[in-house]
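So the chains spell out like this:
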Amino acid sequence: MNEGEQLCDAARNGDAEKVKSLIDSGADVSHFDAEGLTPLMHAAKQGHASILAILLSAGAPWNALSPSNLSAGDFAMEAGHQDAYELLLNAGIQAELVLGTIARKENKNADSGHDYLEDRVSFSEDKIMDADSKAVMMAWEKPLMEAHAKAVCSGGGHILNIGFGMGLVDTAIQQYAPATHTIVEAHPEVYERMLRTGWGKKENVKIVFGRWQDVLSQLETYDGIFFDTYGEYYEDLREFHQHLLALLKPGGIYSFFNGLCGGNAFFHVVYCHLVSLELENLGYSTQLIPLPVKDCLGEEVWEGVKHRYWQLDTYYLPVCQSLEENE
Ligand SMILES: C[S@@+](CC[C@H](N)C(=O)[O-])C[C@H]1O[C@@H](n2cnc3c(N)ncnc32)[C@H](O)[C@@H]1O
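As the structure is a computational prediction, the values presented were derived from the model and not from experiment.

Rules used in this analysis
- Residues numbered from 1 in each chain as written.
- Predicted model: local features only at pLDDT ≥ 70, side-chain atom pairs only at ≥ 80, totals over all residues.
- Heavy atoms only, no water.
- Helix = DSSP H or I, 4+ residues; strand = E, 2+ residues; numbered from the N terminus.
- Polar contact = N/O pair within 3.5 Å; in protein donor to acceptor, adjacent residues only side chain to side chain.
- Contact = heavy atoms within 4.5 Å.
- UniProt positions renumbered as here; feature names shortened; annotations may be inferred.
- Domains from an automatic or database assignment.
- Buried area = accessible area lost by both parts, 1.4 Å probe.
- Salt bridge = Lys/Arg side-chain N within 4 Å of Asp/Glu carboxyl O.
- Core = buried A, V, L, I, M, F, W, Y, C linked by side-chain atoms within 4.5 Å.
- Buried < 20%, exposed > 50% of the residue type's maximum accessible area, 1.4 Å probe, protein only.
- Pairing = 2+ DSSP bridges.
- Axes fitted to C-alpha atoms, helices over the stretch in contact; angles between N-to-C directions.
- Expected span 1.5 Å × (residues − 1).
- Phe/Tyr/Trp six-rings, centres within 6.5 Å; stacked < 30°, edge-to-face > 60°.
- Lys NZ or Arg CZ within 6 Å of the ring centre and 35° of its normal.

Any details on the side chain of Asp74? Residues and values, ideally.
Relative to the helices and strands, Asp74 resides in helix 5 (residues 72-79). For Asp74, the side chain forms a polar contact with the side chain of Ser71, separated by 2.8 Å. A polar side-chain atom of Asp74 sits 2.9 Å from a polar atom in the side chain of Asn264. Leave out the neighbours within four places in its chain, and Asp74 touches Asn69, Asn264, Ala265 and Phe266.

Okay, structure coming up:
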């Protein structure tokens, strides 16, 4: 048995001395065994929190995935090992807070040769697809969009929505008859469709065509703001959050589509914590309201869609408000 396999065994057995000595002699902490599991996953499955701590401090990756797309945190969560779960959660948050920014920026730069906004999109009754058969927006999100609209319109007044898509959230916002309703949309075909379907003629609606990054100077201050773009990254959401202070009125409510890492339950929890922490540093509290989505999501929903951007049973709708307002 090589040292990596021995490390997996020792981690599974909770043998701290063996784990330490194998690490000292150079065993690979990110080794995948024949089942595709790492030492961290083995320790997490058994709830060996002390072994997890040793492995993490030796550099074991918190975010490695098994062949069934589960991380150590998922294993701890599934087995109900609370201590192990919390240790992994903190490790994930710390790693993303410190290193994530660098890694995410590098990914973004590597990918940025291709721009969704320059490609054709196709519209059907239940979705908008990009040129790569990935869904830009899907009708199953309608109840979520209605809940977002209810949250950001709860104080009435002036509402801003970034990203029109299928117009689901904007249709719901209209039902609250806001004083003004500003919509920023950057895709030429989506914009053209908005005009064709009469959005340009609604009395309280102002459409701003362009990327939100490029049209900030045309925006004012709002009582409610919703953010839901496509083809962007977590870094873009963070960048938008830097502008909240200038865009959101005191007492206003901000919400965003919380699809962060929607393919993995544990990564999603890590990112929910991360975004809440980052918003808190900017002076906002975040309440995450659980909404069950299992029933909206039958297998047939994803037919012909290349990437299942959401695979979890519960959606956590963020409601953010200035911390000062809550004091
Ligand atoms: C997921 S859809 C929005 C769905 C919408 N919330 C709804 O209820 O139908 C994302 C939209 O954001 C637009 N978009 C992407 N990047 C943008 C950007 N930088 N600025 C403004 N809009 C953008 C896309 O063209 C797309 O229409």
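Give a description of the UniProt feature "repeat: ANK" (unreviewed entry) in the protein chain that names residues and reports values.
The sites that carry the UniProt feature "repeat: ANK" (unreviewed entry) are, in the present numbering, residues 35-67. In residues 35-67, helix accounts for 52% and strand for 0%; the two terminal C-alpha atoms are 8 Å from one another.

Got a sec to walk through the domain arrangement of the protein chain? Specific residues and values, please.
Interface size is commonly expressed as the accessible surface area that is lost when the partners come together. When its domains are assigned, the protein chain resolves into domain 1 (3-111) and domain 2 (119-326). Between the C-alpha centres of domain 1 and domain 2 the distance comes to 33 Å. Each side of the interface is counted separately: domain 1 has 21 residues, and domain 2 has 16 residues. Both sides together, the interface formed by domain 1 and domain 2 hides about 1600 Å², and carbon and sulfur atoms give 70% of it. Between the two partners, domain 1 and domain 2, sit zero salt bridges. Scanning the region where domain 1 abuts domain 2 turns up four residue pairs in polar contact (both at pLDDT 80 or more).

Got a sec to walk through the nonpolar core? Specific residues and values, please.
With 60 residues, the main nonpolar core has Leu55, Leu88, Ile225, Phe240, Tyr254 and Phe256 as its most contacted residues. In this structure, this core is formed jointly by two domains, domain 1 (3-111) and domain 2 (119-326), each of which donates at least three residues. Residue contacts for Tyr254: discarding those within four places in its chain leaves Val152, Ile225, Phe227, Leu237, Phe240, His241, Leu244, Leu248, Pro318, Val319 and Cys320. With 41 residues, the next largest nonpolar core counts Ile159, Val169, Met194 and Ile253 among its residues.

Lay out the pattern of salt bridges in plain terms, naming residues and giving numbers.
In this structure the tally under the stated criterion is 14 salt bridges. For Arg196, the salt bridge identified is with Glu192, shortest N-O distance 3.1 Å. Of this pair, Arg196 and Glu192 are both found in helix 9 (residues 188-196), four residues apart, which corresponds to roughly one turn of the helix. Arg196 sits in the exposed class, given a relative accessible area of 56%. One continuous salt-bridge network, built from bridges that share partners, spans Asp132, Lys134 and Lys306.

Residues and numbers for the sheet that holds strand 10 (residues 314-322), please.
Strand order in the open sheet formed by seven strands is 6-5-4-7-8-10-9, and the pairing between neighbours is mixed. With one partner strand each, in any of the chains shown, strand 6 (205-209) and strand 9 (284-292) form the two edges of the open sheet. Adjacent strand axes in the sheet meet at a mean angle of 15°, parallel and antiparallel pairs treated alike. Examined bridge by bridge, strand 4 (residues 158-162) and strand 7 (residues 222-227) share four bridges and lie parallel to one another. Pairing of Ile159 across the sheet is with Gly224, part of strand 7. Here helix 11 (residues 234-242) sits on the sheet and contacts strand 4, strand 7 and strand 8 (248-256); the angle it forms with strand 8, its principal contact strand, is near 170°. On the sheet, helix 13 (residues 265-281) packs against strand 8, strand 9 and strand 10 and is oriented at approximately 150° with respect to strand 9.

Give me the lowdown on helix 13, citing residues and values where you can.
Within an α-helix, residues lying three or four positions from one another point in the same direction, as the helix has 3.6 residues per turn. The terminal C-alpha atoms of helix 13 lie 25 Å apart, and with 17 residues this matches the ideal 24 Å at 1.5 Å per residue to within 8%. Counting buried residues in helix 13 gives 12 out of 17 residues, a clear majority hidden from the surface. What helix 13 keeps buried is the set Phe266, Phe267, His268, Val269, Val270, Tyr271, Cys272, Leu274, Val275, Ser276, Glu278 and Leu279. Downstream of helix 13 by one or two residues, Gly283 has phi in the positive range, about 100°.

Requested: an account of the packing of aromatic side chains, with residues and values cited.
If you walk through the whole model with that rule in mind, you get 17 aromatic pairs. Here the aromatic rings of Phe164 and Trp199 are separated by 5.2 Å at their centres, their planes lie at 75°, and the arrangement is edge-to-face. On the criterion of sequence distance, the pair formed by Phe164 in the loop between strand 4 and helix 8 (168-174) and Trp199 in the loop between helix 9 and strand 6 is long-range, its members being 35 residues apart. Note on Phe164: relative accessible area 8%, which makes it buried. Ring geometry for Tyr234 and Tyr271: centres 5.0 Å apart, planes at 90°, overall edge-to-face. With Tyr234 in helix 11 and Tyr271 in helix 13, this pair connects stretches of sequence that are 37 residues apart. Tyr271 gets classed as buried once you look at its relative accessible area, which sits at 7%. Through a chain of ring-to-ring contacts, the aromatic side chains of Trp212, Phe227, Phe240, Tyr254 and Phe256 assemble into a single cluster. In this arrangement the basic side chain of Lys45 is found over the ring face of Phe75, its NZ or CZ atom lying 5.0 Å from the centre.

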